[in-house]
Amino acid sequence: MTVYLLAGGGTAGHVNPLLALAEVIRERDPHAEIIALGTLEGLESRLVPERGFELVVIPRLPFPRRPNAAALKFPAKYRSAVQQVRQLIRHRGVDVVVGFGGYAASPAYSAARKEGVPIVIHEANAKPGLANKLGARYTDFVAVTFANTPLKNARVTGMPLRREIEALDRRALRKEACAHFGLDAEKPTLLVTGGSLGAKGINEGVSQNAQEIIDSGAQVLHIWGGLTEVKDPNVPGYQVLSYCDRMDLAFSAAHLIVSRAGSTTVSEIAGLGIPAIFAPYRHGNGEQALNCQVVVQAGGALMVEDQDLTTEFVRHTLIPLLHDSESLEAMSQAAKTVGVLDGAEQLFALVSEALAARNQ
């Protein structure tokens, strides 16, 4: 029996690929023991048990960014967390550690190195996080979502995605999808989404031009996001949802998407071959612009700044593209050349390779 320790968490960008790999392991190796390592504060504390996997928690230890009291206490706390993971590895007979970044990953990498256990790393973003930068020094088995990710020994496996996205047949589901959202299956459909938290620049940039988009003969499905105020333009054919729990159907309805550029979002859109206009979130470390760079360069998407989502852009770029079936098909095919739908299977193959190397 193989024992897998999957370490990571905090955000959905860490937890979802962890769970996608866990599902593949459960299918491919039914007798395996799967342990997720995370913190009480992260999304994993809810999502991992909901999916039927065991969760072990360690303290949340942000890396100190400046010299202060917390920085002085960090080394001792970090050593304690590493020791806790080492004991877990010994007690449960862990065979391999797979890390996804986040607060739990770095102690897991250090513990695995000290215990002589193989390490596999998956980096979701084109701009790697600190934990994975450090962990990549300890292993030759490094998986990345995007080809432009600067990590040593990186292999492009893509993002581990949900099964319902991997197997999605958009064409077959389009009529059902349009009926689900009250849309006309014969009209070009624009899907607008800023993710679960919403995106003010996208929301306002598109909705303020609602009438012009509808007057062009198109329709819009606009998923506003939970943390931004919903301002429905009240234009027939412009459907507004604060939240969508059937993104598979939303993707199936869409001819073109306006979206943020989180790593999972870019991976799903490109893998499914949906033409896109990405408006990356520019705050933080600027990772979203890098996430969509490969798709844009391949010709599968356009990139625009929030402030450039103007009436002129909608009128002269977005609307003509939405009605240009030949250009949309070319973008779709281009996106598929760089998109990956079987990222979970590819990551599992890399984990299997690390285990085999250990046993040689």
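Keep in mind that what you see is a predicted model, and the values were worked out from it rather than measured. All chains use their own residue numbering, which begins from 1 and follows the written sequence. A pLDDT threshold of at least 70 governs which residues receive local features in this predicted model, and a stricter bar of 80 or more applies before side-chain atom pairs are shown or counted, although totals over entire chains, interfaces and linings include all residues. Side-chain calculation: all heavy atoms of the structure are included, whereas hydrogens and water are not.

A. Highlighting the pattern of salt bridges. In what follows, salt bridge is the name for a side-chain nitrogen of Lys or Arg lying within 4 Å of a carboxyl oxygen of Asp or Glu. Overall, the coordinates contain 20 salt bridges when judged by the stated rule. Close ionic contact of R28 with E345 constitutes a salt bridge, the shortest N to O distance being 2.7 Å. Of the two residues, R28 sits in helix α1 (residues 12-28) while E345 sits in helix α16 (residues 343-359), which places them 317 residues apart along the sequence. Three or more residues joined by partner-sharing salt bridges are found here, namely E27, R28, R163, E166 and E345. Runs of E in the DSSP output that reach at least two residues are strands. Runs of H or I that reach at least four are helices, and both are numbered from the N terminus.

B. Seen up close, the nonpolar core. Remark: nonpolar core denotes a set of buried residues (Ala, Val, Leu, Ile, Met, Phe, Trp, Tyr, Cys) joined through side-chain atoms within 4.5 Å. Three labels apply to residues, based on accessible area from a 1.4 Å probe with only protein chains included: buried if under 20% of the type maximum, exposed if over 50%, partly exposed otherwise in between. Ranked by internal contacts, the top residues of the largest apolar core, which has 34 residues, are L191, A250, F251 and F278. Contributions of two or more residues to this core are made by α7 (170-181), β9 (219-223), α10 (247-253), α11 (263-272) and β12 (276-278). Filtering out sequence-adjacent residues up to four positions away, F251 remains in contact with I165, L168, R170, L191, I257, E268, I269, L272 and I274. A104, A108, I119 and V142 belong to the second-largest nonpolar core, a separate cluster that totals 31 residues. It only takes one pair of heavy atoms within 4.5 Å for two residues to be counted as in contact.

C. Up close: the sheet that holds β12. The sheet built from six strands is open, its strands ordered β10-β9-β8-β11-β12-β13 with parallel pairing. If you trace the sheet from one side to the other, it starts and ends with β10 (238-241) and β13 (301-303), each paired once. Going from strand to strand, the sheet's axes swing by 15 degrees on average, the running direction of each strand aside. Strand pairing requires that DSSP identify at least two bridges connecting the strands. Examined bridge by bridge, β12 and β13 share three bridges and lie parallel to one another. Paired with I277 across the bridge in β13 is L302. A fitted line through C-alpha atoms represents every axis, and for helices the fit uses only the stretch in contact; the resulting angles, taken between N-to-C directions, go from 0 to 180 degrees. Sheet contacts for helix α14 (residues 311-322): β8 (189-193), β11 (256-259), β12 and β13; angle to β11, the most-contacted strand, approximately 140 degrees.

D. Region of the structure containing the packing of α1 against α16. Taken N-terminus to C-terminus, the directions of α1 and α16 make an angle of 70 degrees; their axes are 9 Å apart at the nearest point. Comparing their axes, α16 and α1 come out roughly perpendicular. The way α1 lies across α16 gives a crossing that is right-handed. Along the contact surface, α1 presents A20, L21, V24, I25 and R28, while α16 presents A344, E345, L347, F348 and V351. Three categories are distinguished: nonpolar for Ala, Val, Leu, Ile, Met, Phe, Trp, Tyr, Cys and Pro, charged for Asp, Glu, Lys and Arg, and polar for the others, with Gly belonging to the last. The residue makeup of the contact of α1 with α16, split by class, is eight nonpolar, no polar and two charged. Here is the rule for angles: anything less than 35 degrees is roughly parallel, anything more than 145 is roughly antiparallel, 65 through 115 is roughly perpendicular, and the remaining ranges are oblique. A clockwise turn of the near helix away from the far one marks a right-handed crossing, whereas an anticlockwise turn of less than a right angle marks a left-handed crossing.

E. Main features of the layout of surface pockets. The volume enclosed by the second largest pocket comes to roughly 470 Å³. What lines the second largest pocket is a set of 22 residues, and nearest its centre among them are R170, R171, A254, H255 and E329. When contributions to the lining of the second largest pocket are tallied by element, the ones reaching two or more residues are α7 and α15 (325-338). Among the elements that take part in the lining of the second largest pocket, α15 stands out by supplying six residues, more than any other. Throughout, the protein atoms alone are placed on a 1 Å grid, and a set of points is a cavity if a 1.4 Å probe fits but cannot get out or a pocket if it is open with protein on both sides within 12 Å along at least five of seven lines; lining residues have an atom within 4 Å of a point. Grid points are joined across faces, edges and corners, and a volume is the space filled by probe spheres set on the points.

F. Seen up close, α1. In a regular helix each residue adds 1.5 Å, so 17 residues correspond to 24 Å; α1 covers 24 Å between its end C-alpha atoms and thus fits that length. Among all positions in α1, only V15, P17, L18, L19, A20, L21, A22, E23, V24 and I25 are buried. Buried residues along α1 sit in contact with β1 (3-7), β2 (33-38), α2 (44-50), β4 (96-99), α6 (163-166) and α16. The span you would expect from a helix comes to 1.5 Å times its residue count less one.

G. Just α7, in detail. Buried residues of α7: R170, R174, A177, C178 and F181, and no others. Down the axis of α7, the buried side of the element spans an arc of 95 degrees, and every buried residue falls inside it. Turned more than 90 degrees from where α7 packs its buried face, A172, K175 and A179 sit exposed. Residues of α7 that are buried sit in contact with β8, β9, β10, α10 and α11. A positive phi of about 70 degrees marks G182, the residue just after α7. The directions considered for the arc run from the helix axis to the C-beta atoms.

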